[in-house]
Amino acid sequence: MTRILILQGHPDPAGGHLDHALADAYREGAEQGGLAVDTYTIAHRDFPLLKSQAEFLDETVPPAILEAQELIETAHHLVLVYPLWLGDMPALVKGFLEQTLRPSFVADGDMNRLRHTRLKGRSVRIVVTMGMPALAYRWWFGAHSLKSLERNVLRFCGFGPVRHTLIGRNGGDAAARERWLRHLRALGRQGQ
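Summary of the structure given here. Note that the structure is predicted; figures quoted are calculated from it, not measured.

Procedures and definitions
- Residues numbered from 1 in each chain as written.
- Predicted model: local features only at pLDDT ≥ 70, side-chain atom pairs only at ≥ 80, totals over all residues.
- Heavy atoms only, no water.
- Helix = DSSP H or I, 4+ residues; strand = E, 2+ residues; numbered from the N terminus.
- Rg over C-alpha atoms; globule rule 2.2 N^0.38 Å.
- Buried < 20%, exposed > 50% of the residue type's maximum accessible area, 1.4 Å probe, protein only.
- Contact = heavy atoms within 4.5 Å.
- Areas by Shrake-Rupley, 256 points an atom, 1.4 Å probe, with all protein chains shown as cover.
- Phe/Tyr/Trp six-rings, centres within 6.5 Å; stacked < 30°, edge-to-face > 60°.
- Salt bridge = Lys/Arg side-chain N within 4 Å of Asp/Glu carboxyl O.
- 1 Å grid on protein atoms, 1.4 Å probe; cavity = no way out; pocket = protein on both sides within 12 Å on 5 of 7 lines; lining within 4 Å.
- Points joined across faces, edges and corners; volume = space filled by probe spheres on them.
- Nonpolar A, V, L, I, M, F, W, Y, C, P; charged D, E, K, R; others polar.

Scanning the protein chain from N- to C-terminus turns up eight helices and five strands. Each helix (α) and strand (β) of the protein chain, taken in turn from the N terminus, gives the series β-α-β-α-α-β-α-α-β-α-α-β-α. Compactness check: the protein chain gives a C-alpha radius of gyration of 16 Å against a globular reference of 16 Å for 192 residues, within 12% of the reference. Put simply, the protein chain has 192 residues, and 48% of those count as buried. In the protein chain, of all internal contacts separated by at least 6 residues, the share reaching a separation of at least 24 is 78%. When the accessible surface of the protein chain is totalled, it reaches about 9600 Å², and 53% of it is carbon and sulfur.

Below you can see the structure in the form of structure tokens.
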């Protein structure tokens with residue numbers, strides 16, 4: 001059975017944002033499709049930010065991050081949902097990725113290889129919400145932070161294929177938001 005891990009990256013632990021509704025819609029679709037789904041809400045977990053290379057290389061991993069690593073290892077497909085803040089992912093998501101994708105997890109301690117294969121075979125869907133039109137982010141701003149995440153983090157760590165969904169204008173009006181929720185449900189049913 002295909003196992004999906006939804007990484008909810010909105011930094012507000014209270015919930016109630018479009019990102020939370022999108023992740024819930026994806027989960028509903030996946031469950032309707034008979035897929036196994038786990039959700040890891042980053043804002044509900046307690047972990048420190050890494051402040052040195054020594055901490056990054058240290059194999060002592062906080063319990064909340066160990067949990068995430070175990071979920072990633074058992075997943076076939078990951079869905080990362082987050083809002084665009086200052087042109088990039090929120091600091092909480094970046095800090096989570098730095099903690100989780102340490103050399104001891106991704107490369108068995110050896111980050112000097114060009115590519116890593118430990119996590120190979122796991123696909124990823126990145127869902128990014130933003131206030132600006134998605135077309136402006138993609139064409140005017142070049143979607144640089146998304147491209148960096150895809151190429152320099154996820155593919156470097158062995159994930160692939162990596163796909164993305166960009167949702168501009170905070171989902172739009174009520175009708176547009178409902179279309180986005182239906183779209184995420186459909187992606188969930190297909191496990192994409």
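Still more to cover.
What follows is about the packing of aromatic side chains. Inspection of the entire model under this criterion finds two aromatic pairs. Between Tyr 40 and Phe 96, the ring centres sit 5.4 Å apart and the planes meet at 35°, which makes this aromatic pair tilted. On the criterion of sequence distance, the pair formed by Tyr 40 in strand β2 (residues 36-41) and Phe 96 in helix α4 (residues 91-100) is long-range, its members being 56 residues apart. By relative accessible area, which is 0% here, Tyr 40 ends up buried.

What follows concerns the pattern of salt bridges. Counted under the stated rule, the structure contains seven salt bridges. Of the charged contacts, one joins Asp 38 and Arg 3 as a salt bridge, the two residues approaching to 2.7 Å between their closest N and O atoms. Here Arg 3 lies in strand β1 (residues 3-8) and Asp 38 lies in strand β2, a separation of 35 residues in the sequence. Taking relative accessible area as the criterion, Arg 3 reaches 28% and is therefore assigned partly exposed.

Our next topic: empty space enclosed by the protein. In the structure shown here, the tally under the stated rule is one cavity of 30 Å³ or more. A volume near 80 Å³ is recorded for the largest cavity. Lining the largest cavity, in full, are Leu 7, Ile 72, Leu 78, Leu 80, Phe 96, Leu 97, Leu 101, Val 124, Leu 154 and Phe 159. Elements that contribute at least two residues to the lining of the largest cavity include exactly β3 (77-83) and α4. For the lining of the largest cavity, the class distribution of residues is 10 nonpolar, no polar and no charged.

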